[in-house]
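Descriptive analysis of the structure
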Amino acid sequence: MGIRKYAVMGALALVGVSMLGLSAKAEDVKLTVWSLDRDIQPAPHLVADFNKLNNGIQIEYRQIQFDDVVSEAMRAYSTGQAPDIIAIDNPEHALFSSRGAFLDLTDMIAKSTVIKPENYFPGPLKSVEWDGKYYGVPKATNTIALYYNKDMFKAKGLDPKKPPQTWDELVEDARKLTDPAANVYGLAFSAKASEEGTFQFLPWAQMGGGSYQDINSEGAVKALTVWKTIMDEKLASPDTLTRGQWDSTGTFNSGNAAMAISGPWELDRMSQEAKFDWGVTLLPVPQEGAERSSAMGDFNWAIFASTKHPEEAFKALEYFASQDDKMFKNYGQLPARSDIAIPATGQALKDAGLQVFLEQLKYAKPRGPHPEWPKISKAIQDAIQAALTGQSSPKDALDQAAEKIKAVLG
């Protein structure tokens, strides 16, 4: 009886273990996602929609603050508290990839039927690469182009169908359009001592044949000289040195600037606020036929190398990517992909502007990629400020920046 009793107890125990095993398998895999996105932006909605699939994976979403992203994410990784997935600003991507913090997704992407490298614009795709491998997936993208007030062009005798195409034409048109008596500047842009200043200036340096590795090239010096001319002649507001792009473009929307360099994130606000006929054109180039370039912004998805659920995390990224065709319609953000046709909104000015930004994206280049991008960017910002405030000539300012960047690059 004793033997039989223990045998029965043992059998019951095995059944209990089996039941526990089945219960454990039935539990959802839990993932965490960190992003800056608020409730009117994509990430929280993508997470909520993914959770409704009931596919055995559930995601917890956490909104983080812009200034804390790099420090908090790196600290979390080093202490074993990192999320599974994060949305990171594209110039910061290389920092994490180069330190082994992000998971190498190359093989997963090669097998994916959803995420295909050939479908992405070159710039966004380049920003997730490191050492020839993919460490993320572009989340969205943006760029900059030239907005212009067609009514002001007409009033000053300029052809609204022929916005400036070269740097010289831009300066000449800005001179004609500037009207101090009417409190109108020819141009609005941002030369702020922050990433926004670098974001706006770097494409000029690139179109001049330079790069962050060659920031004091002849063409880059010419670009900063053009900026200095614009500021010295008061063709742009003095607070160009301290205003971000949003406030800068507000000057254009209010009718106090005839042209503005800004991005597609302004299209909705422009449509609502601008009480005049406006258009968008590609960024002017140094001279006709010169290489084009443009800034590239927005964020990338990445999976931390410390995740315990790499396959499930990648499934989440595949789902996010599968929703890219809704990015512009639902959130006003441009998908980072060239294979997605964005349907017309029915607003003529907005639709025409959107097509220009999509064309401009073909030439957009990432900042970097380099793990020490913040230091490189700071050198460029300092040069812009020094030249535009008269502390140094454009050449001397960029020569100093080149020395600082050389020290960073090693």
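What you see is a predicted model, and the numbers here were worked out from it, not measured in a lab.

**Observations concerning the overall build of the chain**
Helix and strand content of the chain: 17 helices and 10 strands. Taken along the three principal axes of its C-alpha coordinates, the chain extends 110 × 50 × 35 Å. Residues classed as buried in the chain amount to 54% of the 410 residues present. Put simply, 77% of the contacts in the chain that link residues at least 6 apart link residues at least 24 apart. Averaged over its 43 positive side-chain charges, the chain has a centre that lies 3 Å from the centre of its 52 negative ones.

**Here's the deal with the pairing of strand β9 (residues 278-281)**
Side-chain alternation along β9 places Trp278 and Val280 on one buried face and Gly279 and Thr281 on a second face that is also buried. Summarising the sheet, strand β7 (residues 145-149) and β9 pair through four bridges and their orientation is antiparallel. Paired with Tyr148 across the bridge in β9 is Gly279.

**Remarks on helix α16 (residues 373-388)**
Compared with an ideal rise of 1.5 Å per residue, which puts 16 residues at 22 Å, α16 spans 23 Å between its outermost C-alpha atoms and is within 8% of the ideal. The element α16 is largely enclosed, with a buried count of 12 among its 16 residues. Inspection of α16 places Trp373, Ile376, Ser377, Ala379, Ile380, Gln381, Ala383, Ile384, Gln385, Ala386, Ala387 and Leu388 among the buried residues, and these make up the whole buried set. On the buried face of α16, the contacting elements are α9 (195-207), α10 (218-232) and α17 (394-409). Two residues or fewer past α16, Gly390 is found with a positive phi of approximately 85°.

**Observations concerning the pattern of salt bridges**
One pass over the structure, following the stated rule, counts 21 salt bridges. With a shortest N-O distance of 3.4 Å, Lys156 and Asp179 are connected by a salt bridge. Separated by 23 residues along the polypeptide, Lys156 in the loop between α7 (150-155) and α8 (167-177) and Asp179 in the loop between α8 and α9 bring together distant segments of the chain. Where Lys228 meets Asp232, a salt bridge forms, and the shortest distance between an N and an O atom there is 3.3 Å. Of the two residues, Lys228 and Asp232 both sit in helix α10, four residues apart, roughly one turn of that helix. Residue class for Asp232 comes out partly exposed when judged on its relative accessible area of 44%. Residues joined in a network through salt bridges with shared partners are Glu172, Arg175 and Glu233.

**Thoughts on the nonpolar core**
Counting 55 residues, the largest nonpolar core has Phe189, Phe201, Trp204, Ile215, Trp227, Met259 and Ile380 as the members making the most contacts within it. Of the residues forming this core, the biggest block, nine residues, is contributed by α16. In this view, Ile380 contacts Thr198, Phe201, Leu202, Tyr212, Ile215 and Ile405; residues no more than four positions away in its chain are not counted. Counting residues in hydrophobic clusters, the runner-up holds 48 residues, among them Ala43, Ile59, Val128 and Phe314.

**Comments concerning the sheet that holds β9**
Reading across the sheet, the three strands line up as β8-β7-β9 and stay open at both edges, with antiparallel pairing between neighbours. Every other strand in the sheet has two partners, leaving β8 (259-262) and β9 as the edge strands with one partner each. Sheet twist, expressed as the average angle between the axes of neighbouring strands with direction ignored, equals 25°.

**Description of the sheet that holds strand β2 (residues 57-63)**
Strand order in the open sheet formed by five strands is β2-β1-β3-β10-β6, with mixed pairing between adjacent strands. Across the chains shown, the open sheet's two edge strands, defined by having one partner strand only, are β2 and β6 (137-138). The sheet contacts of helix α13 (residues 310-322) involve β1 (29-35), β2, β3 (85-89), β6 and β10 (299-303), and relative to β10 the element is tilted by about 155°.

**Concerning the pairing of β3**
Burial runs high along β3: five of the five residues are buried. Judged by which residues are buried, β3 turns out to be covered on both faces: Ile85, Ala87 and Asp89 on one side and Ile86 and Ile88 on the other are all buried. Pairing of β1 with β3 involves two bridges; the strand directions are parallel. Opposite Val33, over in β3, you have Ile85 as the bridge partner. Bridge analysis of β3 against β10 gives five bridges, and the strand direction is antiparallel. Residue pairing in the sheet places Ile85 in a bridge with Ile303 of β10.

**Structural notes on α17**
In an α-helix there are 3.6 residues to a turn, and that puts residues three or four apart on one side. Taking 1.5 Å per residue as the helical rise, α17 with its 16 residues ought to reach 22 Å, and the 22 Å between its terminal C-alpha atoms agrees with that figure. Those residues of α17 lying buried are Pro394, Ala397, Leu398, Ala401, Ala402 and Ile405. What you see down the axis of α17 is that its buried residues fit within an arc of 140°, all on one side. Exposed and facing more than 90 degrees away from the buried side of α17 are Glu403, Lys406 and Ala407.

**A short note on the confidence of the model for the chain**
Averaged over every residue, the pLDDT of the chain is 93; the share at 70 or more is 94%. Between residues 1-25, whose pLDDT stays under 50, and residues either more than four places distant or in other chains, the model counts zero contacts.

Here is what the cut-offs are and how they apply
- Residues numbered from 1 in each chain as written.
- Predicted model: local features only at pLDDT ≥ 70, side-chain atom pairs only at ≥ 80, totals over all residues.
- Heavy atoms only, no water.
- Helix = DSSP H or I, 4+ residues; strand = E, 2+ residues; numbered from the N terminus.
- Buried < 20%, exposed > 50% of the residue type's maximum accessible area, 1.4 Å probe, protein only.
- Contact = heavy atoms within 4.5 Å.
- Lys, Arg positive; Asp, Glu negative; His and termini not counted.
- Charge placed at Lys NZ, Arg CZ, Asp CG, Glu CD.
- Pairing = 2+ DSSP bridges.
- Expected span 1.5 Å × (residues − 1).
- Salt bridge = Lys/Arg side-chain N within 4 Å of Asp/Glu carboxyl O.
- Core = buried A, V, L, I, M, F, W, Y, C linked by side-chain atoms within 4.5 Å.
- Axes fitted to C-alpha atoms, helices over the stretch in contact; angles between N-to-C directions.
- Arc of directions from axis to C-beta.
- pLDDT = per-residue confidence, 0-100.

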